[in-house]
Amino acid sequence: MYPRTKVKRFDFPPGRSVAGKYVIERPLGSGWEGEVYAIVERNTGIRRAAKFYYPHRDPMGKAAITYARKLDALRHCPILMQYHHQEIAYVKRKKVMVVISELIEGQKLSEFLSAQPGHRLSTFEALHVLYILAKGITPIHARGEYHGDIHDDNIMIRRQGISFEVKLLDFFDLGRPTRSRIHKDVLNLIQVFHSIVGGRDRYGAQPKVVKEIIRGQRDSLILQRFQSAGDIQHHLESLSWDK
């Protein structure tokens, strides 16, 4: 008999079978709601990502359903991972909601930056990554939606030819869309850009083109210029490099 305790951690080992259909490949991350793993579909060999919700955090499955619906509603936004379906698994006789989605390849942005010279990208590369992010989030904001959890551990990146492939991971905040939540996305985007160019230690030496975006990390100044990701995208598309 299993004790009647909360399943506070899953800690699935590689090779564990899940729901009779999948095999755990490796852990991808964890958070307040649950844990995410790379999995392999038994019948096809297709690799997916699976988010397992802690039963005590989502006892009725509402968070998993809201998360799946939001991913599906934004399925035409290629910067987001694509939702596939839901499963129910049982862990220590407790029902666990599982959201199956696209497996994103690459590294977390934080890990990627740690491996770069000086733990940063060049000005042009950093602007390019910011542009990919802003352009990808623009259609989300245009729908009045928001992400709510943009940071360098929630962004996957890999070099692809002379460019980058960038994807956003987990939504954390699934509340009602508001202007202030879209503004939070904007401020988080600028914070990510600030990290990409080297953070506080490098800010004083940054060129004008960078400082005009980061604006001393002052929220009021940033929001004077950028109200949405679309504003950042348009700013980058009209940059003048002879300033």
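What you are looking at is a predicted structure, and each value in this text was computed from that prediction instead of being measured. (Residues numbered from 1 in each chain as written. Predicted model: local features only at pLDDT ≥ 70, side-chain atom pairs only at ≥ 80, totals over all residues. Heavy atoms only, no water.)

*Asks:* I tried to follow the pattern of salt bridges on my own but got confused; where do I start?
*Replies:* Pairs can form between side chains of opposite charge once their charged atoms are near each other. As enumerated under the stated definition, the model contains 13 salt bridges in all. Arg 75 is paired through a salt bridge with Asp 72; the nearest N and O atoms lie 3.4 Å apart. For Arg 75, a relative accessible area of 41% gives the class partly exposed. (Salt bridge = Lys/Arg side-chain N within 4 Å of Asp/Glu carboxyl O. Buried < 20%, exposed > 50% of the residue type's maximum accessible area, 1.4 Å probe, protein only.)

*Asks:* Would you take a moment to explain the side chain of His 183 for this structure?
*Replies:* For His 183, the location among the structural elements is in helix H4 (residues 179-196). Residue His 183 is classed as buried on the basis of its relative accessible area of 14%. Here the side chain of His 183 touches Gln 227 through a polar contact of 2.9 Å, side chain to side chain. Discounting chain neighbours no more than four positions away, the residues touching His 183 are Leu 223 and Gln 227. (Helix = DSSP H or I, 4+ residues; strand = E, 2+ residues; numbered from the N terminus. Polar contact = N/O pair within 3.5 Å; in protein donor to acceptor, adjacent residues only side chain to side chain. Contact = heavy atoms within 4.5 Å.)

*Asks:* Whenever I open this one, H4 confuses me. Can you help?
*Replies:* Each α-helix turn comprises 3.6 residues. Residues three or four places apart therefore point the same way. For H4, which comprises 18 residues, the first-to-last C-alpha distance of 26 Å matches the rise-based estimate of 26 Å (1.5 Å per residue) to within 8%. Looking only at H4, the buried set comprises Ile 182, His 183, Asp 185, Val 186, Leu 187, Asn 188, Leu 189, Ile 190, Val 192, Phe 193, His 194 and Ile 196. (Expected span 1.5 Å × (residues − 1).)

*Asks:* Explain the sheet that holds strand S1 (residues 17-18) to me, please; I cannot follow it from the model alone.
*Replies:* Hydrogen bonds along the backbone pair up the strands of a sheet, which may run parallel or antiparallel. If you trace the six strands from one edge of the open sheet to the other, you get S1-S2-S3-S4-S6-S5, paired in antiparallel fashion. The sheet terminates laterally at S1 and strand S5 (83-91), the two strands that pair on one side only. Along the sheet face, helix H1 (residues 62-73) touches strand S4 (47-53), S5 and strand S6 (94-101) and points at about 165 degrees away from the line of S5. (Pairing = 2+ DSSP bridges. Axes fitted to C-alpha atoms, helices over the stretch in contact; angles between N-to-C directions.)

*Asks:* I'm lost on the pairing of S4 in this one. Help?
*Replies:* The side chains of a regular strand alternate, residue by residue, between the two faces of the sheet. Counting buried positions along S4 yields six of seven residues, so the element is predominantly enclosed. Direction of pairing for strand S3 (residues 34-41) relative to S4: antiparallel, over a ladder of seven bridges. By the bridge assignment for S4, Tyr 37 is matched with Ala 50. The antiparallel pairing of S3 with S4 creates a hairpin that spans five residues between the two strands, and Gly 45 there sits at a positive phi of about 80 degrees. Relative to S6, S4 is paired through four bridges, and the arrangement is antiparallel. Pairing of Ala 50 across the sheet is with Ile 100, part of S6.

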